[in-house]
Amino acid sequence: MKKVYAGQIKDRDIVKDCFLVREKITAMARNGKPYLTIKLMDRTGEVDGRVWDRVEEISGCFEKNDFVQVQGKASLYLGKMQLVIQNLKKVDDSQVDLADYLPVAERSTEDMLAELHAQVASLQTPCLRELMNLFMADENFMRGYTSAPAAKAIHHVYLGGLLDHSLSVGRLVDDVSRHYPAVNRDLLLTGALLHDIGKVAELCYERAFGYTDEGKLLGHITIGFQMLDGKLAQLPDFPSDLAVLLKHLLLSHHGQYEFGSPKRPKTLEATILNYLDDLDSKINGIQTHIEKEPDNEEPWTGYHRIYDRYFYKSSQAGVGRESEATVPPSTSKASLASAPEAEKASQTTGAKQRRQPGERRKGFNFTLGDQLRGKNLDLFTADEREDS
């Protein structure tokens, strides 16, 4: 029976318990000796593990997605909890309860399904409501739609995350539609609920979250488009012009080519969906990043590699607020040193490229003006890149 969870581990704790291996990487230290980096997970979160001694022996007894019994000591390093592992052995699947090892949504599946049915029932356009009912009647689809995470690592990374994220974007659609009456609310809401449906097949989530072969080869946008097209084929009376607008929502919701979007948003609803999807994803990602550091008493989080920055914790808002260029008074010397160390480490691994003078960081999409800067704004000029 599992007793110690990743989210409960404190600095200097001696840990002896079972975890699921999400990542396993062998690297080389500066002194030329190999070491092992392991991401250990359970339903409360993840903790990084390091093996410095007996690397070959320990590495040979387990693989990614195995359950392992580890023994080690916890320490806080750059604001993140880390386990220095002395012993590790593989555990047979029959000895574990899978529910202890995969993170799940805070809301129950029943609660989220009730909201899904309410959002679909609110659609005033009969053909869109019929389309959504067709999806909800598909048991295989709904099994994945209610179970899949929304992403492998960045946002809503838990069982039920896809449905949780889709419903959240749906609620944002209601807010925006009230503010902008010209928006086709039913079209936008349907797009919100369906925009990421391809992730039911793109991601694997029976063990550690990852990508299926189909997901790696096609991606969730292409898969989702095919799924939508298949359901529309079962509705011969569905208006063809509305079908095109709905398909455009799925194809353009990533916003820009460099973010994997086959098309850029070219309707009001597509533009809004792009920003609402991005907003909900980033807010969840930032909140999760902050919550991962319960033992970090500093007012600033550790470095977030994807977003390329530190975050000021909202619980400290209004207390000793300083400008971004000013060091918070309570920040320790260790946390001050962490910024250049993180930058140096990131550059060493090649994760970041040196920016040229005047070039902005790309952790966020910035404003609409930033995204359109340097783009051809003549809407009536053929864009050879898009039509190729």
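Just above sits the structure.
First, a word on what this report is: a plain description of the structure on this page.

What counts and how
- Residues numbered from 1 in each chain as written.
- Predicted model: local features only at pLDDT ≥ 70, side-chain atom pairs only at ≥ 80, totals over all residues.
- Heavy atoms only, no water.
- Helix = DSSP H or I, 4+ residues; strand = E, 2+ residues; numbered from the N terminus.
- Buried < 20%, exposed > 50% of the residue type's maximum accessible area, 1.4 Å probe, protein only.
- Areas by Shrake-Rupley, 256 points an atom, 1.4 Å probe, with all protein chains shown as cover.
- Expected span 1.5 Å × (residues − 1).
- Pairing = 2+ DSSP bridges.
- Axes fitted to C-alpha atoms, helices over the stretch in contact; angles between N-to-C directions.
- Parallel < 35°, antiparallel > 145°, perpendicular 65-115°, else oblique.
- Left-handed = near helix turned anticlockwise from the far one by under 90°.
- Contact = heavy atoms within 4.5 Å.
- Salt bridge = Lys/Arg side-chain N within 4 Å of Asp/Glu carboxyl O.
- Phe/Tyr/Trp six-rings, centres within 6.5 Å; stacked < 30°, edge-to-face > 60°.
- Core = buried A, V, L, I, M, F, W, Y, C linked by side-chain atoms within 4.5 Å.

What about the overall build of the protein chain?
- When helices and strands are tallied, the protein chain shows 14 helices and seven strands.
- For the protein chain, the residues scored as buried account for 44% of the 388 residues in total.
- Here the protein chain has roughly 21400 Å² of accessible surface; of this, 52% comes from carbon and sulfur atoms.

Section: helix α10 (residues 240–252)
- Taking 1.5 Å per residue, 13 residues should reach 18 Å; α10 reaches 18 Å between its end C-alpha atoms and fits that length.
- Three or more residues of α10 are buried, namely L242, A243, L246, H248, L249, L250 and S252.

Some details on the sheet that holds strand β2 (residues 34–42)
- Pairing within the closed barrel is mixed, and its five strands lie in the order β1-β2-β3-β5-β4. Across the sheet, the axes of successive neighbouring strands diverge by a mean angle of 50°, strand direction being ignored.
- Bridging between strand β3 (residues 45–51) and strand β5 (residues 80–91) involves three bridges; their strand directions are parallel. Within β5, the position partnered with G49 by the bridge is L83.

Structural notes on the packing of helix α5 (residues 161–179) against helix α6 (residues 185–194)
- Packing of α5 against α6 brings their axes to within 8 Å, and their N-to-C directions diverge by 160°. One element, α5, and the other, α6, form an angle in the roughly antiparallel class. As for the relative orientation of α5 and α6, their crossing is right-handed in sense. Seen from α5, the contacting residues are S166, L167, V169, G170, V173, D174 and S177; seen from α6, they are R185, L188, L189, A192 and L193.

As for the side chain of H156
- Within the secondary structure, H156 sits in the loop between α4 (139–145) and α5.
- Non-local contacts of H156, meaning those with residues more than four positions away in its chain, are made with P149, A150, A151, G161, D164, H165, D280, S281 and N284.

A word on the pattern of salt bridges
- In this structure the tally under the stated criterion is 21 salt bridges.
- Here R43 and D100 are joined by a salt bridge, their closest N and O atoms 3.9 Å apart. Of this pair, R43 sits in the loop between β2 and β3 while D100 sits in the loop between β5 and α2 (109–121); the two residues are 57 residues apart in sequence, bridging distant segments of the chain.
- Taking relative accessible area as the criterion, R43 reaches 40% and is therefore assigned partly exposed.
- Linking K90 and D66 is a salt bridge whose minimum nitrogen-to-oxygen distance equals 3.9 Å. You can see K90 sitting in strand β5 and its partner D66 sitting in the loop between α1 (55–59) and β4 (67–77), a full 24 residues away along the chain.
- According to the relative accessible area criterion, K90 is partly exposed, its value standing at 49%.
- Members of the salt-bridge network, linked through shared partners, are R107, D111, E115 and R171.

With respect to the packing of α5 against helix α11 (residues 268–291)
- Taken N-terminus to C-terminus, the directions of α5 and α11 make an angle of 125°; their axes are 10 Å apart at the nearest point. The pairing of α5 with α11 is recorded here as oblique in orientation. Relative to α11, α5 is oriented so that their crossing is right-handed. Contacts between α5 and α11 involve H165, S168, V169, L172, V173 and V176 from the former and I272, L273, L276, D277, L279, D280 and S281 from the latter.

Things to note about the packing of aromatic side chains
- All told, the structure shown has seven aromatic pairs when counted by the stated rule.
- Judged by centre distance (5.0 Å) and plane angle (20°), the ring pair of F141 and Y145 falls under stacked. Of this pair, F141 and Y145 both sit in helix α4, separated by four residues, roughly a single helical turn. Summarising the burial analysis for this pair, F141 and Y145 share the class buried.
- Ring geometry for Y307 against F311: centres 6.2 Å apart, planes inclined by 85°, an arrangement best described as edge-to-face. Taken as a pair, Y307 and F311 share a single burial class, namely buried.
- Taken together, the ring pairs in this structure connect F135, F141 and Y145 into an aromatic cluster.

Things to note about the nonpolar core
- In terms of nonpolar packing, the biggest core is built from 56 residues, with L116, L131, Y145, L193, L194, L228 and F238 touching the most fellow members.
- Not counting chain neighbours up to four residues away, the residues in contact with F238 comprise C127, L128, L131, L232 and A243.
- Core analysis: the second largest hydrophobic core is formed by 20 residues, A6, L36, I38 and V51 among them.

A short note on the environment of V96
- Examined against the element boundaries, V96 turns out to sit in the loop between β5 and α2.
- When the C-alpha positions of V96 and K2 are compared, they lie 8.2 Å apart, and in sequence the two are 94 residues distant.
- Apart from the residues lying within four places of it in its own chain, the contact partners of V96 are C18, F67, V91 and Y101.

Digging into the environment of L113
- Along the chain, the position of L113 falls in helix α2.
- With 50 residues separating them in the primary sequence, L113 and L163 have C-alpha atoms 8.5 Å apart.
- When residues no more than four places from it in sequence are discounted, the contact partners of L113 are M142, T146 and L163.

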